[in-house]
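Observations on the three-dimensional arrangement
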Amino acid sequence: MHMADALLSPAVATAMYAASGTAAAISIRRLKKDEEHSKLPVMAVSAAMIFAGQMINYTIPGTGSSGHLCGGMLLSALLGPYAGFLSMIVVLAIQCLFFADGGLMALGANVWNMAFYGCFVGYFLIWRPIMRSRLFGASDDHNAQRLRIILASVLGCVITLQLGAFSVVLETTLSGITELPFGAFCGLMLPIHLAIGFVEGLITAAVLTFVYEARPELLQEVTPAEAGSGKLSLKQTVAILAVVTCLVGGGLSLYASSNPDGLEWALFGNAEAGYNENMGLDEDNFGVSSTAAETAAGIQETTSFLPDYAFKDSDSAAGTTVSGLVGSAMVAGAAALICLAGGFFRPKKTA
Amino acid sequence: MNKIDQALYEFREMDELADQDSLVHRFPVLPKVLLTILYILIVLSFHKYDLSSLSVMILFPVFFYQLSGIPLRKCFYKLRFVLPLVMAVGILNPFFDHTVIMKIGPLSVTGGWISMLTLMLKGILALTASFLLVATSGIARICAALRRMHVPSVLVTLLLLTYRYITVLSEEVSVMSNAYHLRAPRQKGIEYSAWGSFLGQLLLRSMDRAEEIYQAMLLRGFHGHFHYVDEKPASPKDWLTGLLIGALIVFCRYYNVASFLGSLFVR
Amino acid sequence: MIEMKHVSFRYEAGKEILDDISFRLEAGESVGLIGANGAGKSTIMKLLSGILFGDGEVLIAKTAVNPKNLYEIRRKLGYVLQDSDDQMFMPTVYEDMIFAPRNYGLSKEETEERIDAVLEKLDLKELKHSRNHKISGGEKRMAAIATILAMDPEVILMDEPTASLDPYNRRLVINAINSLSQTKLITSHDLDMILDTCGRVILLDQGKIIADGKTEEILRDQKLLEAHRMELPLSFTRR
């Protein structure tokens, strides 16, 4: 999800800096003067915690792959949108400066894609309305609060990640970097980030419900309640929510990829290339796996060009088989190459 | 080494690089920051087919890495985040863009290939530049430059405070994660039953820590001011040097040095 | 220099954390505050430094501690926290050391002089520009003490100053404590350290002062210590 410098034109990079800068200026103004100082340590420690917490791998049951924490939602639930946004900026700046995760010029865009949506949209349009609502029960009902927290976390992560992914596509396209048509690019990015968002949402929900049980006063917009008697276990709640979100998410992604069997083919080709092991939702792996998926889709697009490009004289049936073969071979080759590149640049594992 | 220890190691490494001494290290940070930004913006502004002009920009990092004594390979190691992403986007270009740009014998090179290479080169160059900035300055000096650039003090202070506690909390996470995996040797990550409590525990402890830090500040008379070491402002000579380098960068953007060099040998 | 008069503290009614505590430290005295976990040691420290407020009167240098005069009170009072990482929040040792003097309005030159004197005294000159996240645990503790001394306090509170230090660094800290002429109140479970640094000991259990007297007498009283979930210092048992 971190944009790289190379994917932006100077104009888009500058515009995104301006947009994020404005949001930062408003946030600083909104932090009250006295609050600014007393909140600094908690903002810094929370930012540091997000940084460290994002390096933990959470195993996703049944898949053997792992997911990560969503910083924006967690920070705004803990600190409120303004302080949360500033803390997120700092996390992204450190990732960019010290780990080359994102780029110096892309920082403005990254702040917008990840921090702005996560903190402002996530807080004002999702977290606060849901926490203030009477959804699932009375405002101080213990179980209802838990459910609201889980719902807000999952929904928040899914929606803000979708917005972020959409912005990545928009920014890259506006920068004139990619030849991939806007629609196809969206069709690739959005479903993948739907899955990531769902998992990140669950992890965030798990952390926030834990905080709610232990110290509810730490959360924004949460009224501490008497511990309920028959409380729904996290497992049950997660199971219920998983089913609901899978249904909704599945529908959405089908809709998103209604564009000719692109995604299925891409994912299938991807699995075929032997990249299903640990491909899942680990974010840097995901960079790679989505690479494979995108490559595959790209090749699929190309194979559809093949009949009128390379095999002009051959009849369409032969063209399809040949193009199919070439396509598969190229997927395998590209995947191998990418794995190689990934392995080359990844930390050497020492026992 | 787990991911978090790796991160801690990289932090320390960056600090050590920044502690070295060279002409590039000694150059005042404010002009250095501005030059880095100018360089990256110029690199990004090259047209997607303008590979030959862009190639000249390689010379800047190569030269300054040599001058600073920072090993380029340390920087290439960091490419692992950026390059796959850039490749993912760039690799599609050859399939969509079939404009024939040039012919080398029987081989016709399409715009897609050129723009892919341009994109990757841009990614690499942008990273080498920002890496050099951080590796020869360190966070404290960069923050001093940010203050001079009138970045609000809340943000700069927050950056330094966060940087201070990232290592503290990362070490805690590292210990926790080792403790977890010692008792769950076959698990690759944290299992879902512990999703909430693992980070949740850290979160609660961190909130207590934040309170303790705030008390520590108040106990030493804190009333809103942080006093950091400021470096000497850049001298006119430094600014002149910076201006010359900047002019050279801009020159390379508008004058195709590569094709000029080529024309010396090939007619 | 430090005085508590009938101080009580509770978070919830009926659950007294501290119950009618009164004691007094003369200028220059070094006193150990000992007791089992949960005896109320840290609460006393927090009341003295104005982090918490309870019933009764707390006096530092003859001034009553109240929410309005904290800035003045804390100018006279240095508090060495147990976790040096919490205390050393600035990027470098130097920046941490100038934090308090600059906040209390000292000029740059005065601050510089004072810092150099403290570093000289504690033999820490080579740490001056070290980064806080790179120095060892022992160095960090010494540096934390240095940041407090840079305030030039009249009263020093120390919370577990030797906790989790190796024997060498523990000895350095003990020597540093003994070289300080300020009034000191030290809480610790390291009774041997208390024996080495404090002439007087206050024993606390369940929010009450159980004993207050000469270190030698209280720490040799096996019955008294064991009745309050404590043990004899190792140096008394291994002879």
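Residues numbered from 1 in each chain as written. Chains lettered and ligands numbered in written order. Predicted model: local features only at pLDDT ≥ 70, side-chain atom pairs only at ≥ 80, totals over all residues.

Some words on the overall build of chain A
Along its length, chain A carries 11 helices and two strands. Sequence-ordered secondary structure for chain A, helices as α and strands as β, is α-α-β-β-α-α-α-α-α-α-α-α-α. Within the span of chain A, comprising 351 residues, buried residues form 58% of the whole. Summarising the internal contacts of chain A: among those between residues at least 6 apart in sequence, 78% fall at separations of at least 24. (Helix = DSSP H or I, 4+ residues; strand = E, 2+ residues; numbered from the N terminus. Buried ≥ 20, exposed ≤ 12 C-beta atoms within 10 Å, placed from the backbone. Contact = placed C-beta atoms within 7 Å.)

A word on the overall build of chain C
Helix and strand content of chain C: 11 helices and 10 strands. Taking 2.2 N^0.38 as the reference for a compact globule, 239 residues should give roughly 18 Å; the C-alpha atoms of chain C span a radius of gyration of 18 Å, in line with that estimate. Along the longest, intermediate and shortest principal axes, the C-alpha atoms of chain C span 50 × 50 × 30 Å. Burial status across chain C gives 49% buried among its 239 residues. (Rg over C-alpha atoms; globule rule 2.2 N^0.38 Å.)

Overview of the sheet that holds strand E2 (residues 15–25) of chain C
Sheet strands associate in pairs through backbone hydrogen bonding, adopting either a parallel or an antiparallel arrangement. Residues and elements named next belong to chain C. Pairing within the open sheet is antiparallel, and its four strands lie in the order E2-E1-E4-E5. In this open sheet, the two edge strands, each paired with only one partner strand, are E2 and strand E5 (63–64). Relative to E5, strand E4 (residues 55–60) runs antiparallel, the two being bridged by two bridges. Residue Ile60 lies in a different strand from E5, and its bridge partner there is Thr63. (Pairing = 2+ DSSP bridges.)

Regarding the interface of chain B and chain C
Facing 22 residues of chain B, the contacting portion of chain C comprises 26 residues. Elements represented by at least two residues in the side of chain B that touches chain C include exactly helix H10 (153–183) and helix H11 (195–219) of chain B. In terms of residue count, H11 of chain B provides more of the side of chain B that touches chain C than any other element does, seven residues in total. When the residues that make up the side of chain B that touches chain C are grouped by side-chain class, the tally is 11 nonpolar, six polar and five charged. (Nonpolar A, V, L, I, M, F, W, Y, C, P; charged D, E, K, R; others polar.)

Focus: the pairing of strand E1 (residues 2–12) of chain C
All names here are of chain C. By the bridge criterion, seven bridges tie E1 to E2 in an arrangement that is antiparallel. Opposite Val7, over in E2, you have Ile21 as the bridge partner. The hairpin formed by E1 and E2 contains two residues between the paired strands, and Gly14 there has a positive phi angle of roughly 90°. Bridge count for E1 against E4 is five bridges, and the pairing is antiparallel. Within E4, the position partnered with Met4 by the bridge is Val58.

So, the interface of chain B and chain A
The interface of chain B with chain A comprises 79 residues on the first partner and 82 residues on the second. Looking at the side of chain B that touches chain A, the elements that each hand over two or more residues are helix H1 (3–19), helix H3 (29–45), helix H7 (79–90), helix H8 (93–96), helix H9 (111–148), H10 and H11 of chain B. Top element by residues in the side of chain B that touches chain A is H11 of chain B. It accounts for 15 residues. Residue classes in the side of chain B that touches chain A are distributed as 51 nonpolar, 18 polar and 10 charged.

Regarding the confidence of the model for chain A
Residues and elements named next belong to chain A. With 62% of its residues at a pLDDT of 70 or more, chain A has an overall mean of 71. Every residue in residues 227–232 is under pLDDT 50, and counting partners more than four places away or in other chains gives nine contacts. Low pLDDT, under 50, characterises residues 296–351; the predicted model gives this stretch 62 contacts beyond four residues in sequence or across chains. (pLDDT = per-residue confidence, 0-100.)

Describing the sheet that holds strand E8 (residues 183–187) of chain C
Residues and elements named next belong to chain C. Taken in spatial order, the six strands make up an open sheet running E6-E7-E8-E3-E9-E10, and their pairing is mixed. The outermost strands of the open sheet, each flanked by one partner alone, are strand E6 (77–80) and strand E10 (208–214). Taken over all neighbouring pairs, the strand axes of this sheet differ in orientation by 15° on average, direction set aside. Direction of pairing for strand E3 (residues 30–34) relative to E8: parallel, over a ladder of four bridges. Its bridge partner being in E8, Ser30 is matched across the sheet by Lys184. Contacts from helix H1 (residues 41–48) reach E3, strand E7 (155–159), E8 and strand E9 (200–205) within the one sheet, and its direction differs from that of E7 by about 150°. (Axes fitted to C-alpha atoms, helices over the stretch in contact; angles between N-to-C directions.)

Thoughts on the packing of helix H1 (residues 10–30) of chain A against helix H4 (residues 81–99) of chain A
Residue and element names in this part refer to chain A. Between H1 and H4, the least distance of the axes is 8 Å, while the angle of their chain directions is 130°. Considering the angle they form, H1 stands oblique to H4. Crossing geometry of H1 relative to H4 is assigned as left-handed. When H1 is examined against H4, the residues Ala23, Ala24, Ser27, Ile28 and Arg30 are found in contact with a partner set consisting of Tyr82, Phe85, Leu86 and Ile89. Per-class residue counts for the contact of H1 with H4 are seven nonpolar, one polar and one charged. (Parallel < 35°, antiparallel > 145°, perpendicular 65-115°, else oblique. Left-handed = near helix turned anticlockwise from the far one by under 90°.)

Thoughts on the confidence of the model for chain C
For chain C, per-residue confidence averages 92 on the pLDDT scale, and 99% of positions sit at 70 or higher. This prediction of the complex comes with two scores: 0.81 for pTM and 0.92 for ipTM.

Describing the pairing of strand E1 (residues 100–104) of chain B
Residues and elements named next belong to chain B. Counting buried positions over the five residues of E1 gives zero, only a small fraction of the element. In this structure, E1 lies alongside strand E2 (residues 107–110), joined through four bridges in antiparallel fashion. Directly across from Ile104, in E2, lies its bridge partner Leu107. Following E1, the chain reverses through two residues before pairing antiparallel with E2; Gly105 in that reversal takes a positive phi of roughly 60°.

Things to note about the packing of helix H3 (residues 71–79) of chain A against H4 of chain A
Residue and element names in this part refer to chain A. Interaxial distance between H3 and H4 falls to 7 Å at its minimum, and their mutual angle equals 140°. By the criterion of interaxial angle, the relationship of H3 to H4 is oblique. Crossing geometry of H3 relative to H4 is assigned as right-handed. Contact with H3, carried on its side by Gly71, Gly72, Leu75, Ser76, Leu78 and Leu79, involves Pro81, Ala83, Gly84, Ser87, Met88 and Val91 of H4 and no other residues of that element.

With respect to H1 of chain C
All names here are of chain C. A large share of H1 lies buried, amounting to six of its eight residues. Among all positions in H1, only Lys41, Thr43, Ile44, Met45, Leu47 and Leu48 are buried. Note on H1: the residue one or two positions beyond its end, Gly50, has a positive phi of about 75°.

Side note on unusual backbone geometry
All names here are of chain C. Not every positive phi belongs to a glycine, and Asp123 is a case in point at roughly 60°. You can see Asp123 is positioned in the loop between helix H5 (108–122) and helix H6 (137–149). If you check the backbone angles, Ser164 has positive phi at about 50° while not being a glycine. The residue Ser164 is located in the loop between E7 and helix H7 (167–178) in this model.

Side note on the environment of Gly108 of chain A
Residue and element names in this part refer to chain A. Tracing the backbone through its elements, the reader meets Gly108 in helix H5 (residues 107–132). Since 25 C-beta atoms lie within 10 Å of it, Gly108 is described here as buried. Setting aside anything within four residues of it in sequence, one finds Gly108 in contact with Ala13, Met16, Tyr17 and Ser20.

Concerning the environment of Glu171 of chain A
Residues and elements named next belong to chain A. By the element assignment, Glu171 lies in helix H6 (residues 142–174). Assessed through the 24 C-beta atoms surrounding it within 10 Å, Glu171 is described here as buried. Measuring from C-alpha to C-alpha, the distance between Glu171 and Met3 comes to 9.3 Å, with 168 residues separating the pair along the chain.

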